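# A closer look at the structure
Listed below are the residues making up each chain.
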Amino acid sequence: MAGRVLLFFSVLSASSVLGQVSYSIPEEMPKGSLVGNMAQDFGLNVKRLKSGKARIFTRESDGYIELNNDRGVLLIREKIDRESLCGQTTPCALHFQIILENPMEFYSVTIEITDVNDNSPSFEKNEVTFKISESAVSGAKFILERAIDPDVGSNGLQTYRLEPTDNFVVKLHDQADGTKNVEMVLEKPLDREKNEQLSLVLTAVDGGEPQMTGTMQILITVLDANDNAPVFTQPIYKASIQENARVGTTVVTVTATDADHGSNGRITYSISNIVDHSRGIFEVSGESGEIRLIGNVDYEKARTFQINIRASDDGGLVDSCKVMIDVIDMNDNKPDIKIMSKSNMISEDAKPGTVVTMINIKDADSGENGIVQCSINDNIPFVMKATNNDFYTLVTDGQIDREVASEYNITVTCSDEGVPSLSSSVTLTLQISDVNDNAPVFERSSYEAYIVENNTPGLSIFTVKARDADWNQNARVSYILDDSSVNGVPVSSYVSVSADSGVIHAVRSFDYEQIKDFQFRVKAQDGGSPPLSSNVTVKMVIQDQNDNPPQVLYPVQTGGSVVAEMVPRSADVGYLVTKVVAVDVDSGQNAWLSYKLQKATDRALFEVGLQNGEIRTIRQVNDKDAVKQRLTVIVEDNGQPSRSAAVIVNVAVADSFPEVLSEFTDFTHDKEYNDNLTFYLVLALAVVSFLFITCVVVIISVKIYRWRQSRILYSSNLPVIPYYPPRYSDTLGTGTLQHVYNYEVCRTTDSRKSDCKFGRAGSQNVLIMDPSSTGTMQRIQSEKSILDEPDSPLEQKPPNNDWRFTQGQRPGPSGATGGPEVAMGTGPWPQPPTEAEQLQALMAAANVSEATATLGPGTMGLSTRYSPQFTLQHVPDYRQNVYIPGSTATLTSNPQQQQATAQQAAQQALPPPQVSAQPEPPKAAQTPASKKKSTKKEKK
């Protein structure tokens, strides 16, 4: 890179320009070319560029330059065309700033763009035409179009060449603005007869390397003589116009005269040699020479305009003049505010002078219209400071308190000094972060709470409340009970405080008679780091409750001796017998005592003072009054509810002590009223009532349950007919019977009134037979009502070995003798009943319905399938022996045999029973369930 580097450094205040550097580069450098090592030139470290997030700030929209933070160099971002960027302005430069943060600082950079010869001269028209009279004298001038070369300096337009040069030569005239007017001068008179048309070529040449040119063809028509050319009244016209003037506004009028007449004296005005920025803005009337505005004039783009006006007659003679138009600036641009860098949040403990925002302000107007003053809204702890012409910083001006304002909307307003003044504003929102700088504050300086004695431990008493002006965790308040003691006991054994809510709870039950009030301290601590706290004193006042009855101090009640007060028979009305003295440890109204006479031997003789407890006579004592007088005085307090105590006062009406002694020797002491006895009586009555109600509920429930079961099982009106199936089978194979009978039972509707019970086979109970014909075979243990368990499946079980019968009681025809295996319950069972026996059973069953109504406590046991045990009561005997399937018992109709069998079985099973009217079956060891069932049966 062939360029120059110029360094300028300056030291200003904080957050201002820390340095300035200038670079010079040629235009048209390729993308990515190195401009300069910014980090080295400013003395910055590459790490500083990265940590400070270095970036380029420029007001232009096009970014031609980019910053490489890794290398600290400036590179070409886009190819730069000096002519597009600056036009004819020299020097051409780019201005921008390098912004760094943490801390905020910036550096100014200027890059000068040097011109290269990349544009050739060009004419606006490729061809021009002149009409020149042959009478034109030597030295006549003809203005030619000026070539345009966008390059500047040596690369710009340098000279012109005119070819051929037989009649004309080209001359250049320097102008005040640095441009050159091109004139074609006639050196030799024209001869129309020789050359009516001439063709010349004008070549514009620049001074670059390599040299570049542009051409324009000149066509000349030779006319007849017109020896007078137009002449302007003045060579230079000056005018001014306000920017933003309306289109059509007349700027100035130029005037030229021609001495000729006719067509040779008719003048036409036109614009020639107009520069680029003036094109399309002005026009001139060809007839009047009036220059009017046809475009928009902006002072900020062009402050002056120069127009060349040409006056030509019909003979082809011309004259020219210059019109200089100055643009008057108007205040038509608001100040432009750009935020270079800003902070969205600042801590409330930030020191004064902390930079919050850096701002760049620019007003495109000039003079007073471009002078800008900036301000911010009042009553905020911030101030604007100007660090350079167009740069400002917003800094803190005093202490910031988040509790006063957690957010600031800072409006920056910038106004120029034009008339009328124009302004623009921008609003910055700044959040204030919290710092734990406020301790919790209680709502009161001290608290006083009240609680009634005999409270429940854990009772909520009172709530202390503290508030913290900070935010979030710094404002989260916790409550702590300060360590202290009350009468040598830690206060934590009296009360506790909830850490979150500040609710004070009672840890124990308070007694007013032991402690009336106490004080403790509660500390409120926030969650900041470090935490802040404050304390408050809480006074706890215990309120009295009427929980103590009066206590009688006099007369003293003793259990072993009788104390009596003597009243002489001569005592008059109002005689003071004695005074009942009592106290109450409660306080206030709970300790106000009143005395009443509850009982007395003679109520007409004594009275008790309501307030003082004095016992006095209310009439004259006479001889008819009994010597022994017994008074019961009630002492009652004024609490709600009130409590009382009773005292017995013995009074002796006598004149001498021996008389009193003799009378009170036989004094009978009444039994002392026993409160415990009353309590036990009430408790016993409650227990008995509860048991009675429980029994009634249970009995009713059982009755209802049985009734519901009976509705399910017994709904038929058919008579009870036992059925003997023709076939039977031994399901278990372990019993003494080879076969098992099956029975289907049908009962009448009224049969539910009788009991139908069955017993499990294999029981260890002894079967006792009633000697009378109305006896009932009962199973004492393991009885279950079919009504209780209607769906319980029953199985035939082998007989128990404890059924002990003699040989005559063993099953068989008429008590046939069996072998030893029969005695053990494993022998074969005799043949089943014959058809005659079954017929007799059917005849006997006809009386069952009549018998069931008179069974009373007797039972008729009808078993379900595979359990064919049953007993019949009040059924005539239809056979000598009745076999009970599934058992080893034999029922016989012989009374002597039945009696002998029963006696023998009783001797084997139980010890000799006591003499009774009717033998009772022996009871086996009962389980709790069988005991309850036996009790129910006995009740029934």
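Residues numbered from 1 in each chain as written. Predicted model: local features only at pLDDT ≥ 70, side-chain atom pairs only at ≥ 80, totals over all residues. Heavy atoms only, no water.

### Quick word on the sheet that holds strand E10 (residues 141–144)
- What the three strands build is an open sheet, ordered E10-E13-E12; its pairing is antiparallel. On the outer flanks of this sheet lie E10 and strand E12 (168–174), each paired with one strand and no other. Between one strand axis and the next, the sheet turns through 35 degrees on average, direction left out of account.
- Note: E12 against strand E13 (residues 180–186), seven bridges, orientation antiparallel. Its bridge partner being in E13, Phe168 is matched across the sheet by Leu186. (Pairing = 2+ DSSP bridges. Helix = DSSP H or I, 4+ residues; strand = E, 2+ residues; numbered from the N terminus. Axes fitted to C-alpha atoms, helices over the stretch in contact; angles between N-to-C directions.)

### Topic: the sheet that holds strand E51 (residues 628–637)
- Read from one edge to the other, the open sheet built from four strands follows the order E45-E52-E51-E48, with strand pairing classed as mixed. The open sheet has two edge strands, strand E45 (564–567) and strand E48 (593–600), and neither has a second partner. Averaged over neighbouring strand pairs, the angle between their axes works out to 35 degrees when direction is ignored.
- Strand direction decides the pairing type here: E48 and E51, joined by seven bridges, are antiparallel. Of the residues in E51, the one forming a bridge with Leu597 is Val633.

### Describing the state of the cysteines
- Scanning all chains against the criterion turns up two disulfides.
- In this model, Cys86 is linked to Cys92 through a disulfide, with the two sulfur atoms separated by 1.7 Å. Sign of the S-S torsion, about 65 degrees for the bond between Cys86 and Cys92, identifies this disulfide as right-handed.
- Cys86 sits in the buried class, given a relative accessible area of 17%.
- In this structure Cys92 comes out as buried when scored by relative accessible area, which is 2%.
- Each sulfur in the disulfide pair Cys374 and Cys414 lies 2.2 Å from the other. Between Cys374 and Cys414, the S-S dihedral sits near 105 degrees, and the bridge is therefore right-handed. In this pair, Cys374 sits in strand E28 (residues 372–376) while Cys414 sits in strand E31 (residues 407–416), placing the two residues 40 residues apart along the sequence.
- For Cys374, a relative accessible area of 18% translates into the label buried.
- Relative accessible area serves as the criterion here: at 0%, Cys414 is assigned to the buried category. (Disulfide = S-S within 2.5 Å. Buried < 20%, exposed > 50% of the residue type's maximum accessible area, 1.4 Å probe, protein only.)

### Remarks on the environment of Glu163
- Mapping Glu163 onto the fold places it in strand E11 (residues 157–163).
- Each C-alpha atom of the pair Glu163 and Ser199 lies 8.9 Å from the other, and the pair is 36 residues apart in sequence.
- Excluding residues that lie within four positions of it along the chain, Glu163 makes contacts with Leu200 and Val201. (Contact = heavy atoms within 4.5 Å.)

### Some details on a nonpolar patch on the surface
- There is a patch of nonpolar side chains on the surface, built from Phe679, Tyr680, Leu683, Val687, Phe690 and Leu691 and spanning about 650 Å² of accessible area.
- Within the secondary structure, Leu683 is located in helix H5 (residues 675–713). (Patch = residues over 30% accessible without salt bridge, like charges linked within 9 Å, V, L, I, M, F, W, Y side chains within 5 Å. Areas by Shrake-Rupley, 256 points an atom, 1.4 Å probe, with all protein chains shown as cover. Salt bridge = Lys/Arg side-chain N within 4 Å of Asp/Glu carboxyl O.)

### Some remarks on unusual backbone geometry
- Here the bond from Glu163 into Pro164 is cis, since omega is -10 degrees, no more than 30 degrees from zero.
- Tracing the backbone shows Pro164 in the loop between E11 and E12.
- With an omega of 0 degrees, the peptide bond running from Tyr554 to Pro555 counts as cis.
- Structurally, the position occupied by Pro555 is in the loop between strand E44 (551–554) and E45.
- In this model, Lys53 sits at a positive phi of 50 degrees, which is unusual for a non-glycine residue.
- If you trace the backbone, Lys53 turns up in the loop between helix H2 (46–51) and strand E4 (55–57).
- Even without a glycine there, the phi angle at Asn487 is positive, about 55 degrees.
- Summarising the element assignment, Asn487 is placed in the loop between strand E38 (485–486) and strand E39 (489–490).

### With respect to the packing of aromatic side chains
- Scanning all chains against the criterion turns up 15 aromatic pairs.
- Geometrically, the ring pair formed by Phe42 and Tyr107 is tilted, given 4.8 Å between the ring centres and 50 degrees between the ring planes. Placement of the pair is Phe42 in helix H1 (residues 38–42) and Tyr107 in strand E8 (residues 105–114), with a sequence separation of 65 residues. The pair formed by Phe42 and Tyr107 is uniform in burial state, with each residue classed as buried.
- Between the aromatic rings of Phe123 and Tyr160, the centroid separation amounts to 6.3 Å while the plane-to-plane angle is 50 degrees, which identifies the pairing as tilted. On the criterion of sequence distance, the pair formed by Phe123 in the loop between E8 and strand E9 (127–133) and Tyr160 in strand E11 is long-range, its members being 37 residues apart.
- We classify Phe123 as buried; its relative accessible area is 9%.
- Of the residues examined, Tyr160 reaches a relative accessible area of 7% and is grouped as buried.
- These aromatic residues form a ring-pair network of at least three members: Tyr494, Phe510, Phe518 and Phe520. (Phe/Tyr/Trp six-rings, centres within 6.5 Å; stacked < 30°, edge-to-face > 60°.)

### Some words on the pattern of salt bridges
- A full pass over the atoms with the stated rule returns 17 salt bridges.
- Linking Asp314 and Arg266 is a salt bridge whose minimum nitrogen-to-oxygen distance equals 2.2 Å. Placement of Asp314 in the loop between strand E23 (304–313) and strand E24 (318–328) and of Arg266 in the loop between strand E19 (256–257) and strand E20 (267–272) is noted, with a sequence separation of 48 residues between them.
- A residue is classified by how much of its surface remains accessible, and Asp314, at 33% relative accessible area, is partly exposed.
- Put simply, Glu443 and Arg467 hold a salt bridge, and the shortest N to O gap is 3.5 Å. A residue pair is termed long-range when its members are at least 10 positions apart, and Glu443 in the loop between strand E33 (441–442) and strand E34 (446–452) and Arg467 in strand E36 (residues 466–467) qualify at 24 residues.
- A residue is classified by how much of its surface remains accessible, and Arg467, at 55% relative accessible area, is exposed.
- One salt-bridge network, held together by shared partners, links Arg82, Glu83 and Asp115.

### Points about the confidence of the model for the protein
- On average, residues of the protein score 75 in pLDDT, and 71% of them are at 70 or above.
- Predicted confidence for residues 1–16 stays below pLDDT 50, and this span has 41 contacts to residues more than four positions away or in other chains.
- This stretch, residues 716–833, has a pLDDT under 50; its non-local contacts, to residues over four places away or in other chains, come to 252 contacts. (pLDDT = per-residue confidence, 0-100.)

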